[in-house]
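For reference, the chains in residue letters:
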Amino acid sequence: MQSLIRLRLSTADGHYAGGLVDGARILQLMSDAVTEVLIHNDGDEGLMRTMNAEFLAPVRSGDFLEIRAKLVSTGNSSRKLECTAHKIVQLVNPEDSAADVLAEPLLVVKANCVAVVPVPKQRAVKK
């Protein structure tokens with residue numbers, strides 16, 4: 001089971017000088033991707049228990065990202081997931097409208113997550 005979110009980060013996402021995006025914004029997007037996986041798998045949004053993230057490259061306003069969450073194992077109520085954020089398009093200059101499609105997506109954040117779906121909340125989902 002896997003989820004994919006593809007979006008452009010807006011100027012409102014730029015938190016620091018040069019339009020640098022706060023890492024918490026990317027973690028929020030990863031949480032949304034995890035939520036989608038849980039809904040497909042269990043019929044419930046579940047709850048995030050842990051997220052261990054590694055930030056590998058800067059992300060700026062105007063960048064396009066692909067956020068993926070992949071279910072790697074299930075327990076009675078716990079779900080382990082791997083999440084990644086790849087930059088696929090970046091602005092050439094934040095002051096201009098020119099942009100480059102990256103030849104290879106650039107891994108900017110990776111994370112391992114554990115989410116919980118309480119047993120009473122789990123519903124059979126058509127797969």
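Note that the structure is a prediction, hence the values are computed from the model and not measured. Here the residue numbering is sequential within each chain, running from 1 through the sequence in written order. Only residues with pLDDT of at least 70 are given local features in this predicted model, and only at 80 or more are side-chain atom pairs given and counted; all residues enter the totals for whole chains, interfaces and linings. Values shown for side chains rest on all heavy atoms present in the structure; no hydrogens or waters enter the calculation.

**As for the overall build of the protein chain**
Regarding its fold elements, the protein chain presents one helix and seven strands. Helix and strand definitions here come from DSSP, where helices need a minimum of 4 consecutive H or I residues and strands a minimum of 2 consecutive E residues; each element is numbered from the N-terminal end. Seen in sequence order, the protein chain has helices and strands lined up from the N terminus as β-β-β-α-β-β-β-β. In the protein chain, which comprises 127 residues, the proportion classed as buried is 33%. When checking whether two residues touch, look at their non-hydrogen atoms; a contact exists if any pair is within 4.5 Å. Contacts in the protein chain between residues at least 24 apart in sequence constitute 70% of all its contacts with a sequence separation of at least 6. Per-residue accessibility takes into account occlusion by the displayed protein chains alone, with areas from the Shrake-Rupley method and a 1.4 Å probe. A total accessible area of about 7,400 Å² is found for the protein chain, and carbon and sulfur atoms account for 50% of it. Accessibility here uses a 1.4 Å probe with only protein chains present; expressed as a share of the type maximum, an area under 20% marks a residue as buried, one over 50% as exposed, and anything in between as partly exposed.

**Examining the sheet that holds strand 6 (residues 78-91)**
Strand pairing is defined by DSSP finding a minimum of two bridges between the two strands. The sheet built from five strands is open, its strands ordered 1-5-6-7-4 with antiparallel pairing. Of all strands in the sheet, those bounded by a partner on one side alone are strand 1 (2-8) and strand 4 (47-55). The mean angle between the axes of side-by-side strands here comes to 20°, regardless of whether they run parallel or antiparallel. Pairing between strand 4 and strand 7 (residues 99-116): eight bridges, direction antiparallel. Within the sheet, the bridge partner assigned to methionine 48 lies in strand 7 and is alanine 115. In this fold helix 1 (residues 23-42) packs onto strand 1, strand 4, strand 5 (64-74), strand 6 and strand 7, with an angle of close to 45° to the strand it touches most, strand 5. Axis definition: a line fitted to C-alpha atoms, over the contacting stretch in the case of helices. Angles run 0 to 180 degrees between N-to-C directions.

**Observations concerning helix 1**
A helix's residues, less one, multiplied by 1.5 Å, set its expected span. With 20 residues, helix 1 extends 28 Å between its outermost C-alpha atoms, agreeing within 8% with the 28 Å of an ideal straight helix rising 1.5 Å per residue. Listed as buried for helix 1 are Gly23, Ile26, Leu29, Met30, Ala33, Val34, Val37, Leu38, Asn41 and Asp42. Residues of helix 1 that are buried make contact with strand 1, strand 3 (20-21), strand 4, strand 5, strand 6 and strand 7. Looking one or two places after helix 1, you find glycine 43, whose phi comes out positive at around 75°.

**Thoughts on the nonpolar core**
To qualify as a nonpolar core, a set must consist of buried Ala, Val, Leu, Ile, Met, Phe, Trp, Tyr and Cys residues joined through side-chain atoms within 4.5 Å. Ranked by internal contacts, the top residues of the largest apolar core, which has 25 residues, are Val34 and Ile67. Of all the elements in the fold, those that place two or more residues in this core are helix 1, strand 5, strand 6 and strand 7. Considering each element in turn, this core owes the most residues, seven residues, to helix 1.

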